[in-house]
Structures are given as structure tokens and as C-alpha cells.
Amino acid sequence: MFPNKTILKIDRKSKQALYLQLSNTFIELIKSRKLLPETKLPSSRALAENLNVHRKTVVACYEELLLQGWVESIAKKGTFVNANLPELNVQDFKFDNQGKGTNTTGFSFYKNEELARKYPKMKDGFMYLNDGISDARLTPTEDIARIYRRICSRKHIYKEMSYGSLFGNEKLRKTLANYLNKTRGLSVSYENILITRGSQMGIYLSSKLLLKKYDFIVIGETNYTSADSTFLQSEANLARVSVDENGLKIQEIEEICKKKSIKAVYVTSHHHHPTTVTLSAERRIHLLNLAQKYSFAIIEDDYDYDFNYNHSPILPLASHDANGNVIYIGSVCKTVAPVFRVGYLIASKEFVNEASNQRRFIDRQGDALLELTFEEFIKNGDLDRHVKKVMKVYKTRRDLFCRLLEDKFKDVFHFEIPKGGMAVWLTLNKKYSWKTIAEIAQKHKLEIGEWQRYDASNSGHNSIRMGFATYNEEEIYELINRLSKTMNEVK
Ligand SMILES: Cc1ncc(COP(=O)(O)O)c(C=O)c1O
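Parameters at a glance
Residues numbered from 1 in each chain as written. Predicted model: local features only at pLDDT ≥ 70, side-chain atom pairs only at ≥ 80, totals over all residues. Heavy atoms only, no water. UniProt positions renumbered as here; feature names shortened; annotations may be inferred. Near = heavy atom within 4 Å. Areas by Shrake-Rupley, 256 points an atom, 1.4 Å probe, with all protein chains shown as cover. Nonpolar A, V, L, I, M, F, W, Y, C, P; charged D, E, K, R; others polar. Core = buried A, V, L, I, M, F, W, Y, C linked by side-chain atoms within 4.5 Å. Buried < 20%, exposed > 50% of the residue type's maximum accessible area, 1.4 Å probe, protein only. Helix = DSSP H or I, 4+ residues; strand = E, 2+ residues; numbered from the N terminus. Contact = heavy atoms within 4.5 Å. Pairing = 2+ DSSP bridges. Axes fitted to C-alpha atoms, helices over the stretch in contact; angles between N-to-C directions. Salt bridge = Lys/Arg side-chain N within 4 Å of Asp/Glu carboxyl O. Domains from an automatic or database assignment. Buried area = accessible area lost by both parts, 1.4 Å probe. Parallel < 35°, antiparallel > 145°, perpendicular 65-115°, else oblique. Left-handed = near helix turned anticlockwise from the far one by under 90°. Phe/Tyr/Trp six-rings, centres within 6.5 Å; stacked < 30°, edge-to-face > 60°. Lys NZ or Arg CZ within 6 Å of the ring centre and 35° of its normal.

- If you check an unreviewed UniProt entry, the chain appears there as PLP-dependent aminotransferase family protein from Polaribacter haliotis.
- Quoted verbatim from the Sequence similarities (unreviewed entry) heading of the UniProt record, the comment on the chain is "In the C-terminal section; belongs to the class-I pyridoxal-phosphate-dependent aminotransferase family."

In C-alpha cells form, the structure reads like this:
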């Protein structure tokens, strides 16, 4: 017989419809064999009275169960648990809907332990050092939401809501072509642009198209480690060249090219990641000439082009590329906020066509509504206004952050004031270690996080990036205060 009605708990405050709560509970009871096949369910009237719900709720619940095949209805006899249900091995049934989920699988799969990054858990009252990201509190969310709402309420918006182009929204591609040609000296048509979900997707697609096992790609020592891992996914060989105050040492690339064939060079030319330096004009030209001579690709990751405090932005390598060697990658994720996954990969039409084919395997298309929103955001001048506004704020923060670092930690850290971007590259005096500092910092509610990632090849440079843009002035004082307390204990 049917178990006690207390089993069928209903949460009247829940947003889920009563009939669905009820049918889900029945399903759990059947799966866990608390309700065995052929058990007769109470009549809808009796159960409704019992549970103090409207009879229509129980009828809807039974219809749902019928539709899903958990029960069967026998004329003139009533509703019964389906007699032919196979037995299912299930975990202990819980009545509170608070499943724990499973930790392990019942099958084997390919794991890459090197990818297992341990992100710090957010703890109350803690301050978190980051790699250099924008302050989400300054994001013009209201403006973006207004544009999004307006777009969604257009009469023919449904046309944008089906499967669309693999290349991304055409309007955005055209607006971006205009915008980037004007602001970054490019000379591209919209057909040279693939809209991505951020720079990382552009790096991944480029890697997929350029690299196979044992192919060589040149990167800096140091380099953006997520790019390293992406290239290693293609089983490529990483050839590292030195980085100094003028960026990648292009002469070393030339030496490599004389000895072996390379497929690509990855470069964060504007602000080298992680050290923040800018690739000098002379080296830019040298690199472009080498690319032409030795027919390799330059993956130019221009992740934070907009933020320059001492000079106007330096035009990207892509703006001088007459021979189709540069794959130019960018996004709004640094400029506006990481949550808005809108970016671009710009290259020859031939490359962009193939990249769009590859993209299909992992993402059938982008978010057309968000893309249309950013199309307007850029065309209206909102993006430029936002950049102007936050630049002033970040410059003030950079100046304060660097001044305090200089005042308080003269003998501990060495750094250059970054000319742009959102982070400082801090080298720690060799007598200290980041490991110890990170451990002691915990006591002062300061999370230094992934300090190891900056020295992926164990060169021992003892440096990390510290983002300054996320904190307001008061928070910068507090952060430096916590760092001071930490360093007092380290000494
Ligand atoms: C150098 C560099 N390239 C690419 C990315 C990825 O950016 P996106 O969020 O646009 O995918 C980041 C993010 O931190 C970065 O620092």
C-alpha cells in the first residue's frame, strides 16, 4: 500500500509548481523502490484531501507521471506504478531535495592532472590578490542592461534567436571592423573577424589550426601560462626566448629560425604578460620581417589594449601586417568585465573561415543577443566613454598602489611602475619566498593565491603579478596594511 502521507512533503514557499514537487517526489519514491511496481496510488480526490491541495494539482501530477511512463492508468481500477519498470540502483532516497552529487564516475576518462588549478575558496573578510582585472563595481551594467532590454523587445528579435552564423553576429562584425580600423590602425573587413567568447577562445582556435604534435611555437620566458597550457594541449613544443624591458628578444627568435622551422610566435606585445613591458618599435618590425621571411604566424594577444597611463596606446603589430602573418586577438572581458564573453579573432579570411569551422565543435555559435548589445555599446560610443572613465580611476589607483609599495617595502620588492594595464610585476628580494609569505598572509586575511603560476618553468625569478585596479583607495590602504603585517612576521 501507499506509504504515509508525510512522505509527500510540499513546500508552499517554493517557486516550483506544487504538481511538479509532487510528481518529482513520486518519481524518487518509485526509483528508490519505496513504491514498488504495481502499487496502487490513492485516488486524486483522496490524496488532494490528505495533502490539503486542490484536486487539479493531483490530477496534473498523475498526468505528468503518466506522460513520463512512471505510472499507468487502468480503466475503472485506478493509477498504478508501472509494472514493467526495470530496477534501478540508486542512492539512498532523501526527502529534502538536498542531493550531494557524486564525486566519482562509474567509467574511466582522460584526465590531465596538470590542468588541475586550485582556485582559492572565497572566505569572509579576506582580500584577494589577483592577476590584474577590472573593478566590476565600475561596470556600466545599467547601460548594458538597458540596451539588452531594448534589443529583446524589438518586434523581430525572434529572428536573432535561432541558430545563426558560426562567425558571430554580422552587425557586430561590421561595427568592430570600423571601430578597430579607426582606433587601432587595422585595415580589415568584417569577413576578417570571427566573434569569439573571449580571447581564450581565440588562442585555443589558433592553436588548433597551427599546431600539431612536435611543432614549435615560440613564447617568452616568462609567459601567460594559460597560453602555454593551450599550446601544450596540441602537443606542441614550446621554445622559450628571453624577455627584457623591451619585451620578447626577437634576436633569439631569429637564431631559432635559422636552426629549425617554427609554426608561430605568441606575443602579448602591448603589455607583456606577466611582466607588463611593451614590445619596442624596433622589435615589432624585426618580428614582422621574420614572420614574413620564415612564414610563421604571430598570435598577437592584445588583452588589455585600452589601459595606458603614460602615453597613447601603441598600435598593434596587426596594424603593420601587410603579409597576413598576424592573428589578432582581443575581447571586452578586460575592458568591461570578464563576465561578458565577447571577443574576436582577426586574421585572413582563409584562416577565419577555418577557425569558424573548428569553433563549431565546442560552441555552435555565440550569444547573438549579447553580441547585438555590444554592437550598440560600441557604436553609441559607450565603450569609449567607459574606458575614459575607468582609465582615470585606475591611474589614480596605480599611483597610490605603487607609492605605498615603494614607501613600505623598499627593501623587499623591486618593481617598475607599469605604463599600462592593471597589474604590477613585483620581484621579491631573494632572501624571502612567496610560499612563506602566502602562508603567513592567511593569518592577516590576505590571499596571495596562485603565486606559483608565474614561474611555470622554474626559472627562480621570484616575481608575481599584483593587480591594483580592483581595489578602491581605501581598500588599497587596507591591502598594503595586511601585506605590511605579513612582512613584519616574515622578517
Ligand atoms: C594575457 C591574457 N590573455 C588572454 C586572457 C583571457 O581573456 P578572456 O577573458 O578575454 O578570455 C587573459 C585573462 O586573464 C590574459 O591575461
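Don't stop here, the text continues.
Quick notes on the site of the ligand
Stage number 1. For the ligand, the full set of nearby residues is Gly-198, Ser-199, Gln-200, Tyr-224, Thr-268, His-273, Asp-301, Tyr-303, Ser-331, Cys-333, Lys-334 and Arg-341.
Stage number 2. For the ligand, whose free accessible area comes to 390 Å², the fraction covered by protein is 89%.
Stage number 3. Tallied by class, residues from the shell around the ligand come to 3 nonpolar, 6 polar and 3 charged.

Regarding the nonpolar core
Stage number 1. Ranked by internal contacts, the top residues of the largest apolar core, which has 53 residues, are Leu-248, Ile-253, Leu-287, Phe-296, Ile-298 and Phe-374.
Stage number 2. Per-element tally for this core: the top contributor is helix H11 (residues 368–379), with 6 residues.
Stage number 3. Not counting residues within four places of it along the chain, the set of residues in contact with Ile-298 comprises Val-265, Val-267, Leu-287, Leu-288, Ala-291, Leu-317, Asn-325, Val-326 and Ile-327.
Stage number 4. Leu-400, Phe-401, Ile-440 and Leu-479 belong to the second-largest nonpolar core, a separate cluster that totals 41 residues.

Let's talk about unusual backbone geometry
Stage number 1. Here the residue pair Glu-221 and Thr-222 is connected by a cis peptide bond, since its omega of 20 degrees sits within 30 degrees of zero.
Stage number 2. In this structure, the amide linkage connecting His-273 to the following residue, Pro-274, adopts the cis form with an omega of 15 degrees.
Stage number 3. Examined against the element boundaries, Pro-274 turns out to sit in the loop between strand S8 (264–267) and helix H9 (281–294).
Stage number 4. Positioned with a positive phi, Thr-276 is a non-glycine residue whose angle comes to about 75 degrees.
Stage number 5. By secondary structure assignment, the location of Thr-276 is in the loop between S8 and H9.
Stage number 6. Look at Thr-276 and you get buried, because its relative accessible area is 11%.

As for the sheet that holds strand S12 (residues 413–414)
Each strand in a sheet pairs with its neighbour through backbone hydrogen bonds, running either in the same direction (parallel) or in the opposite one (antiparallel).
Stage number 1. Spatially, 3 strands are ordered S12-S13-S15 in an open sheet, and the strand pairing comes out antiparallel. In this open sheet, the two strands that pair with only one neighbour each are S12 and strand S15 (463–467).
Stage number 2. Pairing of S12 with strand S13 (residues 423–428) involves 2 bridges; the strand directions are antiparallel. Its bridge partner lying in S13, His-414 is registered against Thr-427.
Stage number 3. Sitting on the sheet, helix H12 (residues 382–408) is in contact with S12, S13 and S15, with an inclination near 15 degrees to S13.

Notes on the pattern of salt bridges
Stage number 1. All chains considered together, the criterion is met by 31 salt bridges.
Stage number 2. In this structure, Asp-382 engages Arg-385 in a salt bridge whose closest nitrogen and oxygen atoms are separated by 2.7 Å. One end of the pair, Asp-382, and the other, Arg-385, are both in helix H12, 3 residues apart, so they sit about a helical turn from each other.
Stage number 3. Asp-382 gets classed as buried once you look at its relative accessible area, which sits at 17%.
Stage number 4. Taking the shortest distance from any N to any O, the salt bridge between Glu-450 and Arg-453 comes out at 4.0 Å.

A look at the domain arrangement of the chain
For interface size, the figure often reported is the accessible area lost on association.
Stage number 1. Domain assignment breaks the chain into domain 1 (5–81), domain 2 (127–133 + 386–490) and domain 3 (154–380).
Stage number 2. Of note, the centres of domain 2 and domain 3, computed from C-alpha atoms alone, are 28 Å apart.
Stage number 3. Taken together, the contacts link 25 residues of domain 2 with 23 residues of domain 3.
Stage number 4. For the domain 2 and domain 3 pair, buried surface summed over both sides reaches about 2100 Å², with 60% attributable to carbon and sulfur atoms.
Stage number 5. Among the residues domain 2 hides against domain 3, the three largest losses belong to Lys-419, Trp-425 and Arg-465. Together they make up 24% of the total.
Stage number 6. If you look at where domain 2 meets domain 3, you find 0 salt bridges.
Stage number 7. Looking at the side of domain 2 that touches domain 3, the elements with two or more residues in it are H12 and S13.
Stage number 8. Looking at the side of domain 2 that touches domain 3, the element that brings in the most residues is H12, giving 7 residues.
Stage number 9. Its residues placed into classes, the side of domain 2 that touches domain 3 shows 12 nonpolar, 7 polar and 6 charged.

Digging into the environment of Glu-170
Stage number 1. Tracing the sequence through the fold places Glu-170 in helix H5 (residues 170–184).
Stage number 2. Measuring from C-alpha to C-alpha, the distance between Glu-170 and Ile-448 comes to 42 Å, with 278 residues separating the pair along the chain.

Concerning the packing of helix H6 (residues 199–210) against helix H7 (residues 225–233)
Stage number 1. Viewed as axis vectors pointing N to C, H6 and H7 meet at an angle of 30 degrees, and their least axial separation amounts to 9 Å. For the element pair H6 / H7, the angle class is roughly parallel. Considering the relative orientation of H6 and H7, their crossing is right-handed. Residue-level contacts link Gln-200, Ile-203, Tyr-204 and Ser-207 of H6 to Ser-226, Ala-227, Thr-230 and Phe-231 of H7.
Stage number 2. Here the residues of the contact of H6 with H7 are counted per class, giving 4 nonpolar, 4 polar and no charged.

Notes on the packing of aromatic side chains
Stage number 1. As enumerated under the stated definition, the model contains 13 aromatic pairs in all.
Stage number 2. Ring plane angle 40 degrees and centroid distance 6.3 Å describe the contact between Phe-401 and Phe-468, whose orientation is recorded as tilted. Taken as a pair, Phe-401 in helix H12 and Phe-468 in the loop between S15 and helix H14 (473–490) lie far apart in primary sequence, 67 residues in all. In this structure, Phe-401 and Phe-468 share a single accessibility class: buried.
Stage number 3. Feature note: the residues Tyr-309, Phe-401 and Phe-468 constitute an aromatic cluster, connected by ring pairs.
Stage number 4. One cation-aromatic arrangement involves Lys-174 over Tyr-190; the distance from NZ or CZ to the ring centre is 4.8 Å.

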